[in-house]
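The primary structure of each chain is shown beneath.
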Amino acid sequence: MEFSIKSGYLDRPKVCVVAGIFEAYRGRFTLPAKQIDQLSGGYLTKFLQRGEMKGKLASVLMLHHVPGMKARVLLVGLGKEKTYREAEFCKAVRAAVTALDAAGIQGAFLSLTSGDAPRDVSWRIRQAVLVTEETLYRFDRCKSEKLPPRPALRHLVLAADSGELALGERALSQGCAIAEGIRLARDLGNLPANICTPEYLAETTRDMAAELKLDCAILTPKKIAAEGMEALLAVARGSRREARFIHLEYRPPKNEDKPLVLIGKGVTFDSGGISLKPAAGMEEMKYDMCGAAAVLGVMRAAARMALPVPLVALIPCCENMPGGDAARPGDIVRSLSGQRIEIVNTDAEGRLLLCDALAYAKRCKPAAIIDVATLTGACVVALGHVASGFFTRDEDLARALAQAAETAQDRLWRLPLWEEYDEALKSGFADVANVGGREGGAITAASFLSRFVDKKTPWAHLDIAGTAWKSGKDKGATGRPVALLCHYLLQRAQERDVAAGDKTS
Ligand code: BES
Ligand code: MN
Ligand code: ZN
């Protein structure tokens, strides 16, 4: 998909101009719609008066022959002007892109990004790109039959006022970079576990590192054992596919800041191990590496945007299988941190990978750590598929993440991380058990992780078990929370700019 930015109109044959209508008794024109109406001698007014377009949010009306115009016109409902905000903008863009593509239109001009709501032009352009790419995404790499080329829509021109073209261009390249990161995360998530193995994730990372000039080290089991990551290896042992530990770095030029460390759970298939999962729906456990995929997506986007924020990605990868050498319930292993863990349930494997990565993170001297994991079914019970869960004891990080979630329209909801929950993980035989009870499962998982993080380092844990993929008719990986994390990085970059500005002024 190609995007460009333009002020003014694009009236060409084979193109379609998208204009918004606010909801009212007879609909109400936005400025671009009004201009088309005037140009066409009141042609649009007729449709509104006849009640054919009332402006209901995400409703669409395609007009093939508009007097005085070579282009077609797609009217899209924006809902009531008073309630037209971020979510409504995204829904309207989604409806427009769906309608354009369904009508087989190859090029379109989206006027919704001009004007002054919602937010600023940069936000609207970034978001228009993200919503468009999300809407048109298909995953058919594993189908034999060659499908007709998709999407029909090839080129989208985004409107900006003439004074905002430079801002618009910048936002456009950011949007494209983030969309690329999201696409990578979705593709990796959608690949089946027989293709997307720990080794495959490692090789994908290596290729990406070469392409984007990132530093990359891949630890194989020998090296992982030498480092002392016995918890990770305890999970990997049940599978014939070897574990990999990915260490990927992005360092912007002339930047000595401490890095932000991103950790992603990379369980390429979670059968549960000896604590085997029930058969129904187990195929969805190929998505148990979506945390890893999201972190790789963020690294890709950040490098593409050349963000002034150094990043380290740590991605423990393995498969959780019930092989002959698999860990048994009751086994005790020594994690990299030195803490001994009683593996009461082999299906609580994610935290075993993450605790070693969290301990390893210390040597990167992190400014902050964020881990991303499809960690608990309990988080899905608590929050459903709308919001990812997040946990932190750092109020600044909590605020920043909540703000980024709002900006990215990639919802997060904070759950507590109070010490009272630590009780649940007591072990009679080792230092800590890998499961608490059924109750508060998302929180006790976070509490487990918290024991492996240096108290002075700001740390947040994102549980994406309910948001990383969709089931049912729209099944597939969502790429969440790549957009959220990228917006968090954009915020950090901006704060850094402001701080630098203060110093020089
Ligand atoms: N990968 C799963 C979590 C999961 C389950 C994500 C369902 C999405 C949908 C994780 O490894 C797991 O199995 N967690 C267990 C923990 C339990 C044994 C304490 C769970 O949530 O059931
Ligand atoms: Mn599991
Ligand atoms: Zn898992």
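Since this is a predicted model, take the numbers as computed values, not measurements.

1. Concerning the site of ligand 1
And then number 1: Around ligand 1 lies a shell of 16 residues, among which Lys-277, Asp-288, Asp-347, Glu-349 and Gly-377 are the nearest.
And then number 2: Interatomic distance of 2.9 Å between a side-chain N/O atom of Asp-270 and an oxygen atom of ligand 1.
And then number 3: Contact distances for ligand 1 include 2.6 Å between an oxygen atom and a backbone N or O atom of Gly-377.
And then number 4: Mapping ligand 1 onto the cavity grids shows that it belongs to the second largest pocket.
And then number 5: When grouped by side-chain class, the residues that make up the shell around ligand 1 number 5 nonpolar, 4 polar and 7 charged.

2. Overview of the packing of helix 6 (residues 198-212) against helix 9 (residues 290-305)
And then number 1: Where helix 6 meets helix 9, the axes come as close as 11 Å, and the angle between the chain directions of the two elements is 5°. Comparing their axes, helix 9 and helix 6 come out roughly parallel. Between helix 6 and helix 9, the contacting residues are Thr-205, Met-208, Glu-211 and Leu-212 on the first element and Leu-296, Met-299, Arg-300, Ala-303 and Arg-304 on the second.
And then number 2: In terms of residue class, the contact of helix 6 with helix 9 is made up of 5 nonpolar, 1 polar and 3 charged.

3. Comments concerning the pairing of strand 1 (residues 2-6)
And then number 1: Burial along strand 1 is one-sided: Phe-3 and Ile-5 are buried, while Glu-2, Ser-4 and Lys-6, pointing the other way, are not.
And then number 2: Relative to strand 7 (residues 155-159), strand 1 runs parallel, the two sharing 5 bridges. Looking at the pairing, Ile-5 lines up with Leu-158 of strand 7.

4. Digging into the environment of His-155
And then number 1: Counting through the fold element by element, His-155 comes out in strand 7.
And then number 2: For His-155, a relative accessible area of 26% gives the class partly exposed.
And then number 3: Separated by 187 residues in sequence, His-155 and Glu-342 place their C-alpha atoms 56 Å apart.
And then number 4: Sequence-distant contacts of His-155, defined by excluding residues within four places in its chain, comprise Met-1, Glu-2, Phe-3, Ser-4, Gln-106, Gly-107 and Ala-108.
And then number 5: A polar contact is formed between the side chain of His-155 and the side chain of Ser-4, at a distance of 3.0 Å.

5. Comments concerning the pattern of salt bridges
And then number 1: Applying the stated rule across the entire model yields 27 salt bridges.
And then number 2: Residue Arg-300 pairs with Glu-211 through a salt bridge whose shortest N-O separation is 3.0 Å. One end of the pair, Arg-300, is in helix 9; the other, Glu-211, is in helix 6, and 89 residues separate them in sequence.
And then number 3: Residue classification places Arg-300 among the buried positions, given a relative accessible area of 11%.

6. Some remarks on the coordination of the zinc ion (ligand 3)
And then number 1: Lys-265 (NZ), Asp-270 (OD), Asp-288 (OD) and Glu-349 (OE) make up the full set of protein donors to the zinc ion (ligand 3), lying at 2.0 to 2.4 Å.
And then number 2: Around the zinc ion (ligand 3), the 6 donor atoms sit at angles spanning 79 to 175°, and that spread fits a shape best called octahedral.
And then number 3: Here the zinc ion (ligand 3) and the manganese ion (ligand 2) are spaced 3.2 Å apart, and both take Asp-270 as a donor. In this pair, Lys-265 sits in the loop between strand 10 (260-264) and strand 11 (266-270) while Asp-288 sits in the loop between strand 11 and helix 9, placing the two residues 23 residues apart along the sequence. Residues Lys-265 and Asp-288 agree in their burial class; the two are buried.

7. Comments concerning the side chain of Ser-447
And then number 1: Within the fold, Ser-447 resides in helix 13 (residues 441-450).
And then number 2: Among the residues examined, Ser-447 registers a relative accessible area of 1% and is labelled buried.
And then number 3: One polar contact links Ser-447 to Asp-422, side chain to side chain, over a distance of 2.7 Å.
And then number 4: The contact partners of Ser-447, leaving out residues within four places of it in the chain, are Leu-417, Tyr-421, Asp-422 and Leu-425.

8. Points about the coordination of the manganese ion (ligand 2)
And then number 1: Within the protein, Asp-270 (OD), Asp-347 (O), Asp-347 (OD) and Glu-349 (OE) serve as the donor atoms for the manganese ion (ligand 2), at 2.1 to 2.2 Å.
And then number 2: In this structure, the manganese ion (ligand 2) is coordinated by 6 donor atoms arranged in irregular fashion, with angles at the metal of 71 to 170°.

9. A closer look at the domain arrangement of the protein
And then number 1: Looking at the protein, the domain boundaries give domain 1 (9-158) and domain 2 (177-494).
And then number 2: In this structure, domain 1 and domain 2 have C-alpha centres spaced 38 Å apart.
And then number 3: Note on domain 1 versus domain 2: buried area summed over both sides is about 1300 Å², and carbon and sulfur give 57% of it.
And then number 4: Inspection of the domain 1/domain 2 interface yields 1 salt bridge.
And then number 5: The shortest N-O distance in the salt bridge between Arg-183 and Glu-133 comes to 3.9 Å.

10. Considering the sheet that holds strand 13 (residues 331-334)
And then number 1: Strand order in this open sheet of 3 strands is 13-14-18, and the pairing throughout is mixed. Here the strands that pair on one side only, and so sit at the sheet edges, are strand 13 and strand 18 (432-433).
And then number 2: Pairing analysis gives 2 bridges linking strand 14 (residues 340-343) to strand 18, with the strands arranged parallel. Its bridge partner lying in strand 18, Ile-341 is registered against Val-432.

Criteria and cut-off values
Residues numbered from 1 in each chain as written. Chains lettered and ligands numbered in written order. Predicted model: local features only at pLDDT ≥ 70, side-chain atom pairs only at ≥ 80, totals over all residues. Heavy atoms only, no water. Near = heavy atom within 4 Å. Polar contact = N/O pair within 3.5 Å; in protein donor to acceptor, adjacent residues only side chain to side chain. 1 Å grid on protein atoms, 1.4 Å probe; cavity = no way out; pocket = protein on both sides within 12 Å on 5 of 7 lines; lining within 4 Å. Sits in = over half its atoms within 2 Å of the grid points. Nonpolar A, V, L, I, M, F, W, Y, C, P; charged D, E, K, R; others polar. Axes fitted to C-alpha atoms, helices over the stretch in contact; angles between N-to-C directions. Helix = DSSP H or I, 4+ residues; strand = E, 2+ residues; numbered from the N terminus. Parallel < 35°, antiparallel > 145°, perpendicular 65-115°, else oblique. Contact = heavy atoms within 4.5 Å. Buried < 20%, exposed > 50% of the residue type's maximum accessible area, 1.4 Å probe, protein only. Pairing = 2+ DSSP bridges. Salt bridge = Lys/Arg side-chain N within 4 Å of Asp/Glu carboxyl O. Donors = N, O, S within 2.8 Å, 3.2 Å for Na, K, Ca; no water. Tetrahedral: all angles 85-135°; square planar, octahedral: opposite > 155°, others 65-115°. Domains from an automatic or database assignment. Buried area = accessible area lost by both parts, 1.4 Å probe.

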